[in-house]
Amino acid sequence: MNNMNKRMETIVIHHGYDAKQHLGSLSAPIFQTSTFTFDTAEQGEARFAGQEDGYIYSRLANPTVRMLEEKMACLEGGEAALAFSSGMAAVSAVLLALTKANDHIICSQGVYGCTFGLLQMLKKKYHVSHDFCAMETEEEIRRLIRPETVCIYVETPINPTMKLIDLQMVVNVAKEYGITVVVDNTFCSPYLQRPLEFGCDVVVHSATKYIGGHGDVIAGIAVGKKELMEEIAKTTQKDIGGVLSPFDAWLLLRGLKTLPVRMDRHCDNAEKIVERLKTHPLVERVCYPADPDNRDYPIYQKQMKRGGGLISFEIKGTKRDAQRFLNHLQLIQIAVSLGDTETLIQHPATMTHSVVPEEERIKMGISGQLIRLSVGLEAWEDIWDDLEQALSSLGVI
Ligand SMILES: Cc1ncc(COP(=O)(O)O)c(C=O)c1O
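Residues numbered from 1 in each chain as written. Predicted model: local features only at pLDDT ≥ 70, side-chain atom pairs only at ≥ 80, totals over all residues. Heavy atoms only, no water.

### Side note on helix α15 (residues 380-392)
Here is the rule we go by: Helix numbering and strand numbering both begin at the N terminus, where a helix is a DSSP run of H or I of at least 4 residues and a strand a DSSP run of E of at least 2. Helices are assigned an expected span. That span is 1.5 Å times one less than the residue count. Whether a residue is buried, partly exposed or exposed follows from its accessible area with a 1.4 Å probe, protein chains only, as a fraction of its type maximum: under 20%, in between, or over 50%, in that order. An arc is given here, and it is the one of the directions from the helix axis to the C-beta atoms. The criterion used for residue contact is that any of the two residues' heavy atoms lie within 4.5 Å.
Between its first and last C-alpha atoms α15 spans 18 Å; for 13 residues at 1.5 Å apiece the expected length is 18 Å, and the two agree. Turning to α15, its buried residues number three or more, namely Trp 380, Ile 383, Trp 384, Asp 386, Leu 387, Ala 390 and Leu 391. Projected down its long axis, α15 shows its buried positions confined to an angular sector of 160°, all on one face. Taken together, the buried residues of α15 touch α11 (259-278), β8 (283-287), β9 (310-315), α13 (319-328), β11 (344-346) and β12 (370-374).

### As for the side chain of Ser 312
Here is the rule we go by: N or O atoms closer than or at 3.5 Å make up a polar contact, with two conditions inside protein: a donor-capable atom paired with an acceptor-capable one, and, for residues adjacent in sequence, both atoms drawn from side chains.
Considering the arrangement of structural elements, one finds Ser 312 in strand β9. For Ser 312, a relative accessible area of 0% translates into the label buried. Here Pro 160 takes part through its backbone oxygen, which lies 3.1 Å from a polar atom of the side chain of Ser 312.

### Section: unusual backbone geometry
Backbone torsion omega between Thr 156 and Pro 157 reads -5°, so that peptide bond is classified as cis. Following the sequence through the fold, Pro 157 ends up in the loop between β4 (149-155) and α7 (167-177). The omega angle of the peptide bond from Asn 159 to Pro 160 is 5°, so this bond is cis rather than trans. Structurally, the position occupied by Pro 160 is in the loop between β4 and α7. One non-glycine residue, Leu 23, lies in the positive phi region at around 55°. With respect to the helices and strands, Leu 23 occurs in the loop between α1 (8-14) and α2 (41-48). For Met 162, which is not glycine, the phi torsion reads 70° and is therefore positive. Positionally, Met 162 belongs in the loop between β4 and α7. You can call Met 162 buried: its relative accessible area is 2%.

### Some points on the site of the ligand
Put simply, the rule is: Here a residue counts as near a molecule or strand whenever at least one of its heavy atoms sits within 4 Å of it. Note on areas: these come from Shrake-Rupley sampling with a 1.4 Å probe, and a residue is covered only by the protein chains present in the view. Residue type decides the class: Asp, Glu, Lys and Arg count as charged, Ala, Val, Leu, Ile, Met, Phe, Trp, Tyr, Cys and Pro as nonpolar, and the leftover types, Gly among them, as polar.
Close to the ligand lie Ser 86, Gly 87, Met 88, Tyr 112, Glu 155, Asn 159, Asp 184, Thr 186, Ser 206, Thr 208, Lys 209 and Ala 219, which account for all nearby residues. At a separation of 2.9 Å, an oxygen atom of the ligand approaches a polar backbone atom of Gly 87. Between the ligand and Thr 208 there is a distance of 2.6 Å, counted from an oxygen atom to a side-chain nitrogen or oxygen. Relative to its free-state accessible area of 390 Å², the ligand is covered by the protein chains to the extent of 92%. Looking at the shell around the ligand, its residues break down into three nonpolar, six polar and three charged.

### Re the pairing of strand β7 (residues 220-224)
Put simply, the rule is: The pairing criterion is simple: DSSP has to find at least two bridges between the two strands.
Within β7, five of the five residues are buried, leaving the element largely enclosed by the surrounding structure. Judged by which residues are buried, β7 turns out to be covered on both faces: Gly 220, Ala 222 and Gly 224 on one side and Ile 221 and Val 223 on the other are all buried. Relative to β7, strand β1 (residues 80-84) runs antiparallel, the two sharing five bridges. Within the sheet, the bridge partner assigned to Ala 83 lies in β7 and is Ile 221.

### Regarding the sheet that holds strand β6 (residues 202-206)
To be explicit about the condition: Inter-axis angles, ranging from 0 to 180 degrees, are taken between N-to-C directions of lines fitted to C-alpha atoms, where helices are fitted over the stretch in contact.
Spatially, the seven strands line up as an open sheet ordered β1-β7-β6-β5-β4-β2-β3, and their pairing is mixed. Whereas interior strands pair on both sides, the edge strands pair on one side only; in this sheet they are β1 and β3 (129-133). Each neighbouring strand pair of the sheet contributes to a mean axis angle of 20°, computed without reference to strand direction. Here strand β2 (residues 104-108) pairs with β3 via five bridges, running parallel. Its bridge partner lying in β3, His 104 is registered against Ser 129.

### Thoughts on the state of the cysteines
For clarity, the cut-off: Defined by distance alone, a disulfide is two cysteine sulfur atoms within 2.5 Å.
Within this structure, the stated rule accounts for zero disulfides. The thiol of Cys 74 is not disulfide-bonded; the next cysteine sulfur, from Cys 200, is found 18 Å away. Classification of Cys 74 as buried rests on a relative accessible area of 8%. For the unlinked cysteine Cys 107, the closest cysteine sulfur is that of Cys 151, found at 8.4 Å. According to the relative accessible area criterion, Cys 107 is buried, its value standing at 0%.

### As for the environment of Arg 254
Relative to the elements of secondary structure, Arg 254 occurs in helix α10 (residues 246-256). With a relative accessible area of 49%, Arg 254 lands in the partly exposed category. Through-space distance from the C-alpha of Arg 254 to that of Glu 197 is 26 Å; in sequence the pair is 57 residues apart.

### Notes on the pattern of salt bridges
When their charged atoms lie close together, side chains carrying opposite charge are able to pair. So the rule is basically this: The term salt bridge refers to a side-chain nitrogen of Lys or Arg lying within 4 Å of a carboxyl oxygen of Asp or Glu.
Going through the model one piece at a time under the given rule, you end up with 22 salt bridges. Across the pair Glu 230 and Lys 226 runs a salt bridge whose closest N-O atoms are separated by 3.3 Å. With Glu 230 and Lys 226 both in helix α9 (residues 226-240), this residue pair falls four residues apart, about one helical turn. With its nearest N and O atoms 3.7 Å apart, the salt bridge here joins Glu 360 to Lys 363. With Glu 360 and Lys 363 both in helix α14 (residues 358-364) and three residues apart, the pair spans about one turn of that helix.

By themselves, these observations are geometric and do not establish any function.
See below:
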């Protein structure tokens, strides 16, 4: 069945799977196999030569993984997708495929800590340099472009400050110079933001987060043009080998079926919490894309459907007060992931972004008082009660 023109709520359930081809099994089978047998030696030769379609070995392709890839390509509006064993495997496979020694990357001023680490490694070992850019104006980006610039890498919303970058503006500049735009869409999922619709070239995900949605799998996805995805499949994916297991692909297929329902509930809950945090006397500032008082609200209106489940806020006081606040929480778990059913909280300066040198962290807007909250699917009243009691326990700062 071609579901390309169906709505997202239908696509997440039906696209890429036909029960009739699998003995009527409603749920997709898990092809838990490392390799595939050939009928004859000649068939093996033809498959290796690319003259005959068919599976060879699960590092090259696997039917359960393929179902996930087809669904993700459709959801992001891309031609093809590839699944990886982690978000970082997806990010590194894409960046290694796009660059060669002495190339240059422009990156949003603020990225996930390990993406920062990867950029440092590319620079040190392979002389692929990078510049960070706030990307608030076209001019700022233009100033950094060099003949060797091959990629603009963007996180929006930026982890963990929730700053937004105008994707249309970035694409306008990149297209003038033939530069590839890669967007990390982890915080939004395709339900809230579809960067390829704005002309971006590649979308990457830590599928560990909202795509899986249940905190039980580590996975990554890349989506883009068929030609580029085929090149990555044959090079950095195949030869570095960070591929997704069939069972993990199945967990993601299952998680995806409820993506729109989950995302709406994450957003409903987050909106309620933001309202309350904003008026709490011990909270200095709250960053949430869908908050009309947020500086980046006009960008939110252009490119996001709703604000998402992540909120960052600064409490009044010191780093030590932020840690004391976390220690007083009872329902909310202190953990560095996001997009799960459980509400999770973390302290970016000492956890996800501790690898970023302090000077760079301050430029990114990550202070010792900044806290990142991933609002889960519990009753929002219970989440708020827990936050409120932990804030009250700080007393007067
Ligand atoms: C925005 C973002 N991108 C990429 C990653 C890396 O994903 P993974 O942990 O699945 O490798 C993370 C992880 O937290 C993330 O938050």
